[in-house]
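One letter stands for each residue in the lines below.
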Amino acid sequence: MNLCKGNSQLEQQILQVNPLLEAFGNAQTVMNDNSSRFGKYIQLRFQKNTVQGAKLSEYLLEKSRVVQQDTGERNFHIFYYMFAGLSSEEKEIYGLLDPSLYRYISGRFGTQDIAQRWKHKYKEVCNALDMVGFQEQEQVDMQAILAGVLSLGNVTFEPEESNGSAKVSEASRGWLKAAAGQFGVQEDELLKCLICTMSVTRGEQIQRFHTQQQAEDARDSIAKVAYGRVFGWIVCKINELLAENVDPEVELREIGILDIFGFENFAVNRFEQFCINLANEQLQHFFNHHIFQLEQAAYKEEDLPWETITFNNNEPVLDLLLAKPLGLLSLLDEQSAFPQATDKTFVDKLNSSFKRNLHFQTGRGRVLAFSIIHYAGKVQYTAEGFLEKNRDTLPASVRGLFINSITPLLSVLFKATLSRTGTLMPHAKAKVTAEADNKFNSTRKQSAGAQFRHSLMVLMERMYSANPHFVRCIKPNSQKEPGVVDSQVVLQQLRYNGLLETIRIRRDGFSWRPAFEEFAERYGILLVKPDVSLTKESCLEILQSTELTGWICGKSRLFFKYWHQEQLTKCVERLERAAVVIQKVFRGFRCRKSYLKLVAERRAKAQQLQEEAERERSRQLALEAKAQKRISFPVPKPRKRCPQSCLHSDKPPQPPVPRPRSKLTESTPFDNFLDPSAPRPVLGTEKQTVEEAKMRQLKRGATLRWFKETQAQKVMQDDGAFPSWLYGMISRREAENLLIDKPLGCFLVRISQSRPGYTLTYRGEDRCRHYLIEMQPNARYVILGEDRAHASLTELVRYHQTVGIQPFMEKLSVPCGQVNAEDLQLENGKSSVSLDYEDLESLTLSHTAAKGEIPPGEQPCRSRSSTSRPSQQSGAAAALKSMWFRRSKNCPEQQSVDESRTKPGSGKEKGSERAFPRLRSSIRLGMQEIQQLYSASLNTSVRKCNGAVCMEDVELK
C-alpha cells in the first residue's frame with residue numbers, strides 16, 4: 001500500500017481491516033499475547049499499479065474460546081475492549097455490568113494501565129468500523145449480540161426435583177431476561193431452546209427435556225454459533241465494501257497474503273490445535289515442494305552438477321491425517337455420524353486403525369488421548385470434545401428463533417447459509433420450515449472437520465498457482481520477554497521448519513534462474529551495441545564482458561548465485577553514469593547550436609524590421625508632401641439616421657460593424673481576422689461552452705440541494721449560526737485569495753462546486769493546500785487519504801486542530817473569519833458570484849413550501865431581505881445561515897435525519913435519531929434483577945455470635 005502512493009480512500013479502508021479483524025479474531029494465549037485464532041488470506045487486486053479492491057477469506061475461527069479459556073489465556077479481545085471503551089451510559093444501554101461477573105471472561109479483567117490500553121484499542125475498532133463503511137445500526141446490533149453472548153454465559157441450570165430435567169436457577173433469571181433483550185427475542189422462547197428439544201414425528205410434536213449437562217451444552221453452543229456468525233458476517237461485509245469496481249474484462253494482477261496460525265503444542269491440545277497443526281503440515285509440505293523438490297528437479301532437468309539435499313518429507317503425516325477412507329479426519333466424520341458414538345469409541349477406533357503407523361501413538365494410562373508425531377515434533381491431543389466440536393451442532397429451533405428476532409442483524413446471520421468451506425453467505429437465503437430446521441440441526445451436511453478440509457484444499461490450489469514468498473516468524477523465548485534469546489528454542493524452530501536445509505540450498509544452489517531471452521533483454525545494454533539478439537550466444541557474450549564467475553549455463557536458462565544480481569547491477573550503473581555524461585555533452589552541444597541559430601534569426605529579423613521602418617517612414621514623408629499640395633479636403637456625406645421605428649423594434653440590437661481602418665493606424669482586435677497569421681475561430685466552440693456551463697450549473701444545483709437537505713442542519717450550531725470556518729460554494733482561487741494574507745495555519749471549509757462534499761483549504765508555509773472531505777455512505781466524514789472517520793464536520797475540524805493532516809502533518813489553528821461577499825475578489829477585480837445566496841435561499845424556501853412545512857401566511861425569519869442584497873453582509877457562512885430557519889420561537893426548526901453518532905446522553909429515548917438495541921426495556925429489567933440480587937448478596941454477611949448465626953447488613957461504599 002505504501003509503495004503504490006495512491007493515497008486513496010480504498011487503501012485506507014484496506015489498512016483498517018487489520019485492527020478490526022484482530023479485535024474479533026485474536027486473543028491472548030500462553031505463547032502470545034496477540035495470537036491469531038483464525039487463518040486469514042487477503043487478496044489485493046491491482047490495475048495499472050493502483051489498488052482496485054480486496055477480498056478476504058477466513059479459516060477455522062476458534063469458537064470454543066468464547067466459552068472456555070485455559071489458565072493464562074483470555075477470550076477474544078473485543079470483549080475486553082468493550083468493557084474498557086464503553087461509557088457508563090453505553091454499558092447501561094447494552095446491558096453490561098462489572099466484567100468480574102461474567103463467566104465467559106473468567107471474571108478476570110486487568111490492571112488500570114491495561115484497561116487504558118484496551119480503551120484506546122476500542123476507539124481504533126470503532127474508527128475501523130466507520131472507515132470500512134459499517135452503518136451505525138449494524139454496529140449497535142453487533143455489540144448488542146456480543147453483550148447477549150456474555151449474558152447467556154451466566155445463565156445456570158439446576159435439576160428439577162420431580163423428573164431430573166433442567167431448569168434455569170432463580171439467581172440467573174435476570175441474566176436470561178437480559179440475554180433475550182440483547183438478542184431481540186422473547187424470554188420464554190429462548191428458555192425453551194435451552195431446556196428442551198422439539199421434534200415432529202408423523203405429524204406429532206414431541207418435547208424432550210434436557211438434563212443439566214445438555215442444557216449447559218445448548219447454552220454454550222448458542223454462544224459459539226452466534227459469535228462465529230458475527231465474525232463471518234464481518235468478513236462478508238468487508239468483502240462487500242471493498243469489492244473492486246472495474247471492468248470484468250480487464251485483467252487484474254493480484255498479491256495474496258496468507259496470515260495463518262503457527263504450529264501449536266500446549267499443555268492441553270484440543271480439536272482446534274489439531275486443525276491448526278494439520279494446516280501447518282500442509283503448508284510445510286508446500287514449502288518443501290517449492291524450495292526443495294521443484295528447485296532440485298530444475299537442476300536435474302538442466303543437467304547441472306548437483307548433490308541432492310535431503311529434507312524431512314512429511315507426506316506420511318498428511319496421509320495419516322487426510323487419506324480417504326481411513327484417514328484420521330475421515331474416521332472422525334464417521335464417528336460423528338453415529339448418535340451413540342463417544343470420544344472413547346473414537347479413540348478406540350484410532351488405536352485399532354493406526355497402531356502400526358510410525359507417526360501415531362496411543363495415549364498412556366487412563367487419559368483419553370492420542371499422539372501425532374508432526375514435522376515439528378510429537379503432540380498429544382486430548383480427545384475429549386472432539387466429536388461434539390466436529391459435529392458443531394446447534395440446538396433445535398434456535399435457528400428459527402433467531403431468524404424471527406427483531407434485531408435485523410441477528411436475523412440476517414441465521415438466514416444465511418454456509419458454503420462447503422464454512423464461509424457465511426448472507427445473501428443466499430432460503431425458506432425455513434419447522435421440518436427443515438430440525439433437519440438442519442440433526443443431520444448437518446458438513447462437519448467442522450470437512451469444512452476445514454475443503455477450505456484448506458481451496459487455499460492450497462491458490463498457493464500452487466502463485467509465485468510464493470515465505471516469511472518465517474521465530475519466537476526468541478517461551479516466556480514472552482523482550483530482549484531475551486533462548487538459543488535452544490530458536491534452534492528447535494529452525495530445525496523443524498526446515499530452515500537449516502533452506503539456508504544450505506540457498507547457499508549451494510542458484511537462487512536466480514532467468515531464461516536466455518529475459519537475461520538478454522535486461523542486460524543487453526552491457527554489450528554497447530544496437531539490436532542485441534535474445535539468444536544463448538548473446539547471453540554468453542554479455543557474461544564474458546562482465547568477467548563474472550560461479551554461474552552455470554543450462555539448456556534453457558542461466559543459473560546465478562544470489563550475489564550475481566548485485567554485480568550485474570553495478571555494471572549497469574557504470575554504463576548509466578557514462579550515458580549521463582554523454583547526454584550532458586550532447587544536450588549542451590544541441591542547446592548551444594540552437595542558441596546561435598536563434599541569435600542569428602533575431603539579428604536578421606531586427607535588420608529586416610529596421611529596413612521596413614525606413615521604407616515606411618519614406619512613404620509617410622511622401623504622403624505628407626503630397627497632402628500639403630492639396631487645396632481643399634473632400635466633404636463627407638452625412639450619415640443616414642435610423643428611423644424612429646427602428647428604436648422600438650422587437651429585434652435585439654445588433655453589434656456595431658467595425659469601420660475599415662487605415663493601414664496607418666494601430667492594429668486593433670477587429671483587424672485580427674484580417675491577419676493571415678492569426679488563429680481562425682473554431683466552429684462549435686460557443687455551443688460547447690454553453691453545454692459545459694449548463695452541466696456546471698446542474699452540478700452546482702445538485703450540490704446545493706444536497707447541502708440544504710442533508711447537511712445544513714448537521715453543520716448548524718446550537719444558536720442557529722454556522723461555524724466561522726464554513727464558507728459557501730466558493731472556488732479554489734477565491735479561497736486562496738481569502739487566505740493569502742492570513743497567518744500560518746488559517747483554514748476554511750467550503751462546499752464543493754462539482755460534487756456532494758466539502759474541501760478544506762489550509763494556509764501552509766509556501767502555498768495553500770486543498771484537502772478533499774468525503775462523506776461516506778455510513779454518514780461519516782473523512783479527509784481523503786486519512787485513516788480516521790468522524791461523526792460530524794465539526795468533530796473533524798476539532799480533531800485536526802490537535803492532530804496534523806497527513807502527509808505534511810499540518811494542524812488547523814485559526815479559522816478564517818467570515819467576510820463580506822464584496823471582499824471575495826477574483827483576479828480581474830470583479831466581485832465573486834460563485835454562490836448566489838438569493839438563489840439558494842429561494843430554492844430552500846420553495847422546497848420547504850412544497851412540502852408544506854411552512855404554514856400559509858407565515859414567513860420564516862431572515863437576516864436580510866430576499867429582494868435586494870444589502871451592502872454589508874455577514875459573509876458566506878452568514879448567508880448560508882440566512883437561507884435556513886433560525887432556531888427561535890418565531891422561526892421553527894426544520895427537521896432532518898441525522899445519522900451520525902451522538903453522545904449517550906445527548907438524545908431522548910423517545911423519538912431519538914440515535915441507534916439503540918431493539919428490546920431496551922427487557923435489557924433494563926434484566927439488569928435491575930441482577931443488580932438487586934447482587935446487592936442483596938453483598939449487603940448481607942453471616943457471622944457467628946455466641947454460638948448463633950446472625951444476619952448483619954453491610955453498608956456498601
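Small disclaimer: the values here were computed from a predicted structure and weren't measured.

Conventions used here
- Residues numbered from 1 in each chain as written.
- Predicted model: local features only at pLDDT ≥ 70, side-chain atom pairs only at ≥ 80, totals over all residues.
- Heavy atoms only, no water.
- Helix = DSSP H or I, 4+ residues; strand = E, 2+ residues; numbered from the N terminus.
- Buried < 20%, exposed > 50% of the residue type's maximum accessible area, 1.4 Å probe, protein only.
- Contact = heavy atoms within 4.5 Å.
- Areas by Shrake-Rupley, 256 points an atom, 1.4 Å probe, with all protein chains shown as cover.
- Polar contact = N/O pair within 3.5 Å; in protein donor to acceptor, adjacent residues only side chain to side chain.
- Phe/Tyr/Trp six-rings, centres within 6.5 Å; stacked < 30°, edge-to-face > 60°.
- Lys NZ or Arg CZ within 6 Å of the ring centre and 35° of its normal.
- Core = buried A, V, L, I, M, F, W, Y, C linked by side-chain atoms within 4.5 Å.
- Salt bridge = Lys/Arg side-chain N within 4 Å of Asp/Glu carboxyl O.
- Axes fitted to C-alpha atoms, helices over the stretch in contact; angles between N-to-C directions.
- Parallel < 35°, antiparallel > 145°, perpendicular 65-115°, else oblique.
- Nonpolar A, V, L, I, M, F, W, Y, C, P; charged D, E, K, R; others polar.
- Arc of directions from axis to C-beta.
- Pairing = 2+ DSSP bridges.
- pLDDT = per-residue confidence, 0-100.
- Left-handed = near helix turned anticlockwise from the far one by under 90°.

Novice: What am I meant to see in the overall build of the chain here?
Specialist: The helix and strand inventory of the chain stands at 29 helices and 22 strands. The buried share of the chain, taken over its 957 residues, is 43%. Considering only contacts in the chain between residues 6 or more positions apart, those separated by 24 or more positions represent 64%. A total of about 54,800 Å² of accessible surface is found on the chain, and carbon and sulfur atoms cover 52% of it.

Novice: Hey, could you run me through the side chain of Gln-711 in this one?
Specialist: Structurally, Gln-711 is set in helix 24 (residues 685-715). Separated by 3.1 Å, the side chains of Gln-711 and Tyr-758 make a polar contact. Residues within four places of Gln-711 in sequence aside, it is in contact with Trp-706, Tyr-758, Met-775 and Tyr-781.

Novice: Could you clarify how one ought to interpret the environment of Ala-712 in this entry?
Specialist: Within the element layout of this structure, Ala-712 appears in helix 24. Sequence spacing of Ala-712 and Phe-722 is 10 residues, and the spatial spacing of their C-alpha atoms is 8.6 Å.

Novice: How do you make sense of the packing of aromatic side chains when you look at a structure like this?
Specialist: Aromatic ring pairs are reported here in terms of the distance separating the ring centres and the angle at which the planes meet. Evaluated as defined, the whole model comprises 40 aromatic pairs. Between Trp-512 and Tyr-523, the aromatic rings sit 6.2 Å apart at their centres with planes inclined by 70°, giving edge-to-face as the arrangement. Remark: Tyr-523 occurs in helix 20 (residues 516-523) and Trp-512 occurs in the loop between helix 19 (499-508) and helix 20; sequence separation between them is 11 residues. Measuring from centroid to centroid gives 5.4 Å for Phe-519 and Phe-560, while their planes differ by 25°, and the two rings are stacked. Of this pair, Phe-519 sits in helix 20 while Phe-560 is found in the loop between strand 16 (558-559) and helix 22 (564-628), placing the two residues 41 residues apart along the sequence. Accessibility expressed as a relative area gives 0% for Phe-560, which makes it buried. Through successive ring pairs, a cluster of aromatic residues spans Phe-271, Phe-274, Phe-346, Phe-354, Phe-360, Phe-370, Tyr-381 and Phe-386. Over the ring of Tyr-80 we find Arg-74; its NZ or CZ atom is 5.5 Å from the centre of that ring.

Novice: How should I be thinking about the nonpolar core in this particular structure?
Specialist: When a protein is soluble and globular, its nonpolar side chains tend to lie buried together. Counting 97 residues, the largest nonpolar core has Phe-24, Ile-78, Ile-234 and Ile-238 as the members making the most contacts within it. Of the residues forming this core, the biggest block, 13 residues, is contributed by helix 8 (residues 212-241). Not counting chain neighbours up to four residues away, the residues in contact with Phe-24 comprise Phe-76, Ile-78, Val-125, Met-142, Leu-146, Tyr-227, Phe-231 and Ile-234. Listed in part, the 44 residues of the second largest apolar core include Ala-279, Leu-331, Phe-360 and Ala-383.

Novice: For this particular structure, what's the right way to read unusual backbone geometry?
Specialist: When glycine is set aside, most residues are seen to have a negative phi, and most peptide bonds are trans. Following Lys-324, the chain continues to Pro-325 via a peptide bond in cis, the omega torsion being 5°. Secondary-structure assignment places Pro-325 in the loop between helix 10 (315-322) and helix 11 (328-336). Here the amide bond leading from Gln-806 into Pro-807 is cis, since omega sits at 0°, within 30 degrees of zero. Residue Asp-392 is not a glycine yet carries a positive backbone phi of 55°. Following the sequence through the fold, Asp-392 ends up in the loop between helix 13 (386-391) and helix 14 (398-403). Overall, the relative accessible area of 18% leaves Asp-392 in the buried class. Positive phi outside glycine occurs at Asp-531, with the angle close to 55°. The class for Asp-531 is exposed, based on a relative accessible area of 79%.

Novice: Looking at this model, I keep getting lost on the pattern of salt bridges. Mind explaining?
Specialist: Pairing is possible between side chains of opposite charge, provided their charged atoms come close. A full pass over the atoms with the stated rule returns 31 salt bridges. We note a salt bridge from Glu-138 to Lys-237, for which the minimum N-O separation is 3.2 Å. Of the two residues, Glu-138 is situated in helix 5 (residues 136-153) and Lys-237 in helix 8; the sequence distance between them amounts to 99 residues. Here Glu-295 makes a salt bridge to Arg-506, at a shortest N to O gap of 3.0 Å. Separated by 211 residues along the polypeptide, Glu-295 in helix 9 (residues 271-301) and Arg-506 in helix 19 bring together distant segments of the chain. Three or more residues are tied together by salt bridges with common partners; here these are Arg-37, Glu-62, Arg-65, Glu-73 and Glu-264.

Novice: Help me understand the packing of helix 6 (residues 173-183) against helix 7 (residues 187-195), please; the structure alone is not making it clear to me.
Specialist: Where helix 6 meets helix 7, the closest approach of the two axes is 9 Å, and the angle between their N-to-C directions is 110°. In this view, helix 6 runs roughly perpendicular relative to helix 7, as classed from their interaxial angle. Across the interface between the two elements, Arg-173, Leu-176, Lys-177, Ala-179, Ala-180 and Phe-183 of helix 6 pack against Glu-187, Leu-190, Leu-191 and Leu-194 of helix 7. Here the contact of helix 6 with helix 7 is composed, by residue class, of 7 nonpolar, no polar and 3 charged.

Novice: Before we go on, may I ask you to explain helix 19 in this structure?
Specialist: Counting along an α-helix, one turn takes 3.6 residues, and residues three or four places apart therefore face a common direction. Among the residues of helix 19, Leu-499, Thr-502 and Ile-505 are the ones counted as buried. Within helix 19, the buried residues cover an arc of 120° as seen down the axis, which keeps them to one side. Turned more than 90 degrees off the buried face of helix 19, the exposed positions are Ile-503 and Arg-507. In this structure, the buried residues of helix 19 make contact with helix 9 and helix 18 (487-496).

Novice: What's the story with the sheet that holds strand 10 (residues 360-362) in this structure? I'm lost.
Specialist: Hydrogen bonds along the backbone pair up the strands of a sheet, which may run parallel or antiparallel. Strands sit in the order 10-11-12 across an open sheet of 3 strands; the sheet is antiparallel. With one partner strand each, in any of the chains shown, strand 10 and strand 12 (377-382) form the two edges of the open sheet. This sheet shows a mean twist of 25° between the axes of neighbouring strands, independent of strand direction. Packing of helix 9 onto the sheet brings it into contact with strand 11 (369-374) and strand 12, and relative to strand 12 it is tilted by some 150°. Against the sheet, helix 10 touches strand 10 and strand 11, its axis set at about 145° to strand 11.

Novice: How should the sheet that holds strand 18 (residues 758-763) be read in this particular structure?
Specialist: Read across the open sheet, the 4 strands follow the order 17-18-19-20; overall the sheet is antiparallel. Each edge of the sheet is formed by a strand with only one pairing partner; in this case those strands are strand 17 (747-751) and strand 20 (781-783). Taken over all neighbouring pairs, the strand axes of this sheet differ in orientation by 25° on average, direction set aside. Pairing of strand 18 with strand 19 (residues 768-775) involves 6 bridges; the strand directions are antiparallel. The residue bridging Leu-760 from the neighbouring strand is Tyr-771, located in strand 19.

Novice: Even after reading the chapter, I still don't get the environment of Ala-702, so can you show me in this structure?
Specialist: Structurally, Ala-702 is set in helix 24. Placed 51 residues apart in sequence, Ala-702 and Gln-753 show a C-alpha to C-alpha distance of 9.4 Å.

Novice: Honestly, the side chain of Glu-295 in this entry has me stumped. Any pointers?
Specialist: Accessibility expressed as a relative area gives 3% for Glu-295, which makes it buried. A distance of 3.0 Å separates polar atoms of two side chains, one belonging to Glu-295 and the other to Arg-506. Not counting chain neighbours up to four residues away, the residues in contact with Glu-295 comprise His-290, Ile-505, Arg-506, Phe-510 and Arg-513.

Novice: Please clarify how the confidence of the model for the chain should be interpreted in this entry.
Specialist: The predicted coordinates ought not to be read in detail in places where the model reports low pLDDT. On average, residues of the chain score 80 in pLDDT, and 79% of them are at 70 or above. Predicted confidence is poor over residues 941-957, with pLDDT under 50, and the contacts of this stretch with residues over four places away or in other chains come to 21 contacts.

Novice: What should I look at first to understand the packing of helix 5 against helix 8 in this one?
Specialist: For any two helices packed against each other, one specifies the crossing angle of their axes together with the interaxial distance. Closest axis-to-axis distance for the helix 5/helix 8 pair is 9 Å, and the angle between their directions is 160°. Our classification of the angle between helix 5 and helix 8 gives roughly antiparallel. For helix 5 against helix 8, the interelement crossing comes out left-handed. Listed contacts from helix 8 to Glu-138, Met-142, Ile-145, Leu-146, Val-149, Leu-152 and Gly-153 of helix 5 are Arg-219, Ile-222, Ala-223, Ala-226, Tyr-227, Val-230, Trp-233, Ile-234 and Lys-237. Partitioned by chemical class, the residues of the contact of helix 5 with helix 8 number 12 nonpolar, 1 polar and 3 charged.

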